[in-house]
Amino acid sequence: MKRIEKFIFLLIIFLLPANLFAWGSATHAYISKQLCQDNSDSLSIYGSVVPDFFNQERNSAYFNFVTKITHYNLDKIKKESNKRNLNKFALGFISHNEKWGSDLTAHKKARTNFRNGYASGKGGILAPFIEAELENLFITQGISFPFFLANSIASEIAHPLIEVAVDLQIKFHEDEFIGSDIKSSAIYRTAYVPDILISAYANDLSKKYKISRTEASDIIRNAENSFCESMIQYGEILNQEYDSAIQQLAEQGTEMINYYLNSSYAKGSFVTPEIMKRFIELAIEKTKDDYFKEISETIKYLKKRSEVKKLCKKISKTK
Ligand SMILES: [Zn+2]
């Protein structure tokens, strides 16, 4: 492939959304429910998923910056939540971070395998299987550069597929209420939530990109709003029977991949929901024996963190 073609191609692949859907949210929610004694609270559940509120804005110029600060800068969230007496929200939020929270164990350093994050490590195992199947598909469809295309897509989707596979297993083996918990946490999340995010992050965003504070606030408010709606949808999907949940997730993933394939040079190429469903089932197969061990170890580890202990104490005092 010529260099310029490769460059254009990489650009197109980059447009695939980071999370094909808000995958992984049920795992974050499940973990947040176990952190303090009798603290299964809707506000901490929403707090545990909302750090990903900008994940679907991958084409935005602010994507890298906002996802970075919501995953690393926690102090202002704690402060703003405390001011409003919403420490439960802060508890969920800080459990998610990538510095030492559950995203660290998912993306960088698993509790049961320190070399790799759990989802990234499993994604690496899953990717070659997906790549092989996509290669065959693209060859049959007569698409140019089938190997390169299959390789890029497989490496993009393997990680989110692992996350959705773990979410499904959480719902169908560990906590049957997790779908409705996520859904109601999003429906009833108070207007304070966007306010906290804005107070914590709008100044940094406006300074970094030299935009007005109002503009920065609107960017955060709008993204959180659409994220909130997607959480209601995701909760609803997880609330279905197994077959229908997996089918709907497969259809959504398919739609997004096909949209991007068809806006690239690979016009006329398409993945079917059946293929996507097989990928999700394969991801379940690769995780079913050890996902629960990893999640239990993550919960044990998080409960020992002083940041978590402090918030649990504050929450129990205000009861
Ligand atoms: Zn995250």
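Keep in mind that this is a model prediction, so the values were computed, not measured.

On to helix α4 (residues 63-72), then. Inspection of α4 places Val-66, Thr-67 and Thr-70 among the buried residues, and these make up the whole buried set. Each buried residue of α4 lies within a common arc of 95° when the element is viewed along its axis, so the set occupies one face. Pointing more than 90 degrees away from the buried face of α4 are the exposed residues Asn-64 and Lys-68.

As for its position among the elements, Glu-98 is in the loop between α6 (87-96) and α7 (102-107). Looking at Glu-98, the number of C-beta atoms within 10 Å reads 19, which means it is partly exposed. The sequence separation of Glu-98 and Lys-108 amounts to ten residues, and the corresponding C-alpha distance is 8.1 Å. Setting aside anything within four residues of it in sequence, one finds Glu-98 in contact with His-71, Tyr-72, Asp-103, Leu-104, His-107 and Lys-108.

All right, on to the packing of helix α5 (residues 75-83) against helix α11 (residues 192-209) then. Each pair of packed helices can be summarised by the angle the axes make with each other and by the distance between the axes. Direction vectors running N to C along α5 and α11 enclose 135°, while the axes themselves pass 9 Å from each other. It follows that α5 is oblique to α11 by the angle criterion. The handedness of the crossing between α5 and α11 comes out as right-handed. Together, Lys-76, Ile-77, Glu-80 and Ser-81 of α5 and Ile-196, Ser-199 and Ala-200 of α11 make up the contact between the two elements. Here the residues of the contact of α5 with α11 are counted per class, giving three nonpolar, two polar and two charged.

Moving on, we come to the environment of Ser-144. One can find Ser-144 in the loop between α8 (118-140) and α9 (146-174). C-beta crowding within 10 Å serves as the criterion here: with 13 such atoms nearby, Ser-144 is assigned to the partly exposed category. The spatial distance from the C-alpha of Ser-144 to the C-alpha of Tyr-265 is 8.2 Å, given a sequence separation of 121 residues.

Thresholds, definitions, all that
- Residues numbered from 1 in each chain as written.
- Predicted model: local features only at pLDDT ≥ 70, side-chain atom pairs only at ≥ 80, totals over all residues.
- Buried ≥ 20, exposed ≤ 12 C-beta atoms within 10 Å, placed from the backbone.
- Helix = DSSP H or I, 4+ residues; strand = E, 2+ residues; numbered from the N terminus.
- Arc of directions from axis to C-beta.
- Contact = placed C-beta atoms within 7 Å.
- Axes fitted to C-alpha atoms, helices over the stretch in contact; angles between N-to-C directions.
- Parallel < 35°, antiparallel > 145°, perpendicular 65-115°, else oblique.
- Left-handed = near helix turned anticlockwise from the far one by under 90°.
- Nonpolar A, V, L, I, M, F, W, Y, C, P; charged D, E, K, R; others polar.

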